[in-house]
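Analysis of the macromolecular model
Listed below, chain by chain, are the residues.
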Amino acid sequence: MTYKILNTRAPRVDAIDKVTGRAQYTDDLSRPGQLYCAILHSPIAHGRILNIDTSKAESLPGVKAVITGKDTGTIKYGVSPARYDETILCLDKVRYIGDEIAAVAAIDKDTALDAINLIDVEFEELPYVLDGIEAMKEGAPQLHEKYKRNICAKVNWNFGDVKSVEKDADVVRTDKLTSQMQDGAFIEPQAILAEVDGSGRLTMYSSTQAPHYIQRTLAMALEIPLEKVRVIKPAVGGGFGPKASCSTAELVTCKLAMITGKPVKMTFDREQVFLHSRARHQFFHTMTTGVKKDGTILFLKHNCILDGGAYASFGIATVYYAGSLLGGPYRLKHMDYDGYRVVTNKPTSGAQRGHGAVHARALFEMQLDLIAKELGMDPIELRLKNVMGAGETTCNELYMSSLGMRECLEAVRDKSGWAEIYKLKKTKRGNNNHKARGIGAACGFFVSGAGYPIYRSQTYHATVVTRISETGGFAIVESGAADIGQGSDTVLAMITAEVLGISLNEVKVKSGDSDLSVDLGAYSSRTTLMAGHACKEAAEACRDKILSSVAKRVNAKQTDLYIEEGLVRSRKGEVDFSGIREEFLQEHVGFTDHPTDEYLTFREAARIAFMEHGSIVGTGKYKPPKLGGSFKGATVGTSPAFGCSAQIAEVEVDLETGEVDVKKITGSHDCGFAINRTQVEGQMQGSMSMGLGEALMEEIMFDNKGSVLNRNLAEYKIPTSLDMPQLDSIIIETNEPNGPFGAKEVGEGAIMPVIPAILNAIRDATGVQITELPAKPERIVEGMKKKK
């Protein structure tokens with residue numbers, strides 16, 4: 001099918017505002033008489049709070065309020081109701097360096113910070129544990145009474161019958177991969193502005209990914225009715241997952257606004273971004289995989305320990321995702337998984353791009369390469385032998401309504417020249433005496449939106465309200481969806497314009513406001529499929545009302561009329577629109593923009609519909625069908641659709657220093673259907689950049705007391721433009737039947753193959769198998785020494 005708006009490279013609807021500086025981020029907002037919030041963070045990793053003296057802070061001129069845990073209450077909150085374990089401010093214990101003890105509202109930021117330094121806290125220091133494996137041992141310091149051996153969630157799955165097929169395996173490998181905690185490194189720190197109106201209604205502006213969930217948490221934790229809370233997301237400078245849950249900063253800023261009756265604002269400094277964290281867990285993966293000599297994968301046994309810091313946050317979902325998303329994209333009939341999410345005295349981890357599955361995928365794809373080497377097979381041929389296709393179901397009951405894994409692999413193989421490069425001897429790959437070239441491949445697999453909301457509910461996952469201007473000139477789309485830089489506003493505008501048959505600049509999108517509609521947020525690569533469905537339905541309702549009114553006036557069937565390029569046309573020959581045109585002109589005497597085309601314009605048609613119906617409003621909604629299997633935890637990992645990726649990385653390694661220079665990444669992604677081709681490529685390239693950083697340089701470092709050592713973007717290394725290789729992006733379209741116009745995810749899934757493709761290329765160049773991330777030069781040099 002040919003489209004006028006969709007599948008093009010239309011510019012983003014927010015592009016001009018962002019490049020000219022007109023876009024308003026939360027920190028750009030201010031209110032007359034606003035106060036400034038500051039938070040007192042724990043200086044120790046674990047301890048009982050014996051006493052808090054706020055008297056000096058309260059007496060400081062300019063301080064309007066000081067709050068501690070006794071003011072904010074005992075209500076527990078978190079992400080999953082099954083693991084609520086946080087209070088707004090610490091009550092009796094602190095559990096990591098950075099835990100929040102008190103908050104201040106003052107007339108300016110400097111006064112607020114001075115007041116924080118005047119608060120005296122008396123602690124009884126307690127033993128602490130900083131290692132996830134040590135935390136599970138008997139006798140380790142316990143962070144929470146309810147988490148025995150510090151395990152806040154565990155998964156024990158057995159699919160198929162691994163034991164029955166182990167004897168049939170010709171090659172069996174056991175390998176390990178350990179990662180470090182990693183940060184989202186978004187450019188915009190978290191920022192909040194809260195105010196209470198005359199009726200007592202709380203409005204909070206926040207750089208959040210999930211206004212809906214934040215609204216619910218604020219209402220619950222602050223003990224106010226849900227309808228008395230409004231959350232608005234201004235422009236956001238990146239989220240990647242850590243901004244998807246409610247923070248103490250949001251809660252105390254709102255609490256202080258309620259106490260003082262004044263607007264209260266807070267913006268994190270970069271140190272606080274690292275202390276709040278909610279980013280990538282530390283993973284300890286062990287996998288045993290068995291295959292037959294022809295390359296058929298027989299079984300996988302997988303053990304994973306996740307160090308998630310002091311609180312549960314998204315951890316209960318993370319530990320499930322780490323296992324469930326290995327069910328695809330290969331035919332794997334037998335899989336055992338044991339996962340443990342552990343708490344330690346470090347900043348809390350949460351969800352980050354490719355939630356839970358990135359490092360599990362990295363180890364599995366590395367292991368496939370090692371198995372291919374043992375079998376003497378081409379690594380891509382091994383993968384092609386095992387890939388699933390549309391219509392198949394994984395061992396853990398995930399149904400592939402579409403899956404272009406084979407197409408992705410073949411595309412990168414052919415585009416990169418894999419066959420020629422892989423077969424060349426290393427001496428002919430441009431090597432010199434101290435540098436070696438390598439090439440590596442990997443695949444990825446991810447959800448297109450979570451199948452269920454975080455809380456138990458039959459709620460719609462997305463609703464959209466679209467209204468046609470009473471003048472007939474444009475459409476207004478109202479959505480709760482959160483555009484955090486990924487371009488979802490542009491997707492909704494393009495879908496609306498295509499359905500209504502008008503130009504993109506005739507669609508205005510209002511989004512990220514809990515008052516507009518329900519949308520669960522920007523996470524799990526859900527927005528295009530879910531909000532897109534609702535948006536399409538709302539636009540179709542408006543279009544049908546307009547065409548119905550026109551059909552009545554011209555004595556035609558509604559189904560014979562359609563709108564294209566802003567004009568109403570008929571599939572059954574000429575239609576006399578002169579009566580409608582005359583009425584429109586009479587209403588607009590003196591105007592100079594009268595329509596002159598022989599066809600009826602959208603503006604005229606919409607105005608006629610308004611005359612009949614009043615305001616033309618269409619509503620749309622979406623929630624997935626019933627998903628999931630019959631086993632415990634089956635809902636996590638379910639999705640109405642699954643995306644997949646393949647990538648090939650080419651690297652050059654300095655054999656003396658271990659420095660890795662990634663020369664090129666060729667990537668493909670099955671997005672079902674590209675609503676906006678440029679944005680799909682942008683998401684793919686963003687994933688390549690982020691994955692490159694996590695593979696080679698990114699890690700949060702701690703001292704032996706649990707303090708973050710590299711709590712800024714000078715010392716926490718992320719890729720810059722100078723580190724980026726040539727990126728080739730290939731869009732694969734398989735027409736997902738459950739997606740709007742056939743579309744599905746790309747935002748998170750494209751990061752899955754990046755790390756293993758690079759690590760496989762490093763091993764190809766040096767012979768060094770990476771067992772600990774990131775693959776820093778010193779680790780590679782040490783590996784080469786051990787190899788020798």
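Presented here is a report on the structure given in the accompanying data block. Everything quoted here is computed from the prediction, not taken from an experiment. (Residues numbered from 1 in each chain as written. Predicted model: local features only at pLDDT ≥ 70, side-chain atom pairs only at ≥ 80, totals over all residues. Heavy atoms only, no water.)

Time to look at the overall build of the protein. The secondary structure content of the protein amounts to 21 helices and 26 strands. For a compact globule of 788 residues, the expected C-alpha radius of gyration is about 28 Å, and the protein comes in at 28 Å, within 12% of that figure. Taking the principal axes of the C-alpha coordinates as reference, the protein spans close to 90 × 75 × 50 Å. Looking at the protein residue by residue over its 788 residues, the buried ones come to 62%. On the protein, the mean spot of the 93 positive side-chain charges and the mean spot of the 100 negative ones are 4 Å from each other. (Helix = DSSP H or I, 4+ residues; strand = E, 2+ residues; numbered from the N terminus. Rg over C-alpha atoms; globule rule 2.2 N^0.38 Å. Buried < 20%, exposed > 50% of the residue type's maximum accessible area, 1.4 Å probe, protein only. Lys, Arg positive; Asp, Glu negative; His and termini not counted. Charge placed at Lys NZ, Arg CZ, Asp CG, Glu CD.)

Moving on to the sheet that holds strand S2 (residues 47-53). Adjacent strands of a sheet form backbone hydrogen bonds with each other and so pair up, either parallel or antiparallel. An order of S4-S2-S6 is seen for the 3 strands of this open sheet, with the pairing classed as antiparallel. Two strands in the sheet have a free side with no partner beyond their single neighbour: strand S4 (93-94) and strand S6 (120-125). As paired elements, S2 and S6 share 6 bridges and run antiparallel to each other. Considered in S6, the bridge of Ile-52 is made with Val-121. (Pairing = 2+ DSSP bridges.)

Our focus in this paragraph is the packing of aromatic side chains. For the structure on display, the rule yields 15 aromatic pairs. Ring geometry for Trp-157 and Phe-159: centres 5.5 Å apart, planes at 55°, overall tilted. Assessed through its relative accessible area of 6%, Phe-159 is described here as buried. Aromatic pair Phe-274 and Tyr-716: ring centres 5.4 Å apart, planes at 65°, arrangement edge-to-face. With Phe-274 in helix H9 (residues 270-276) and Tyr-716 in the loop between helix H19 (677-696) and strand S26 (726-732), this pair connects stretches of sequence that are 442 residues apart. The same class applies to Phe-274 as to Tyr-716, namely buried. In this structure, Lys-243 is placed above the aromatic ring of Phe-186, and the distance from its NZ or CZ to the ring centre is 4.4 Å. (Phe/Tyr/Trp six-rings, centres within 6.5 Å; stacked < 30°, edge-to-face > 60°. Lys NZ or Arg CZ within 6 Å of the ring centre and 35° of its normal.)

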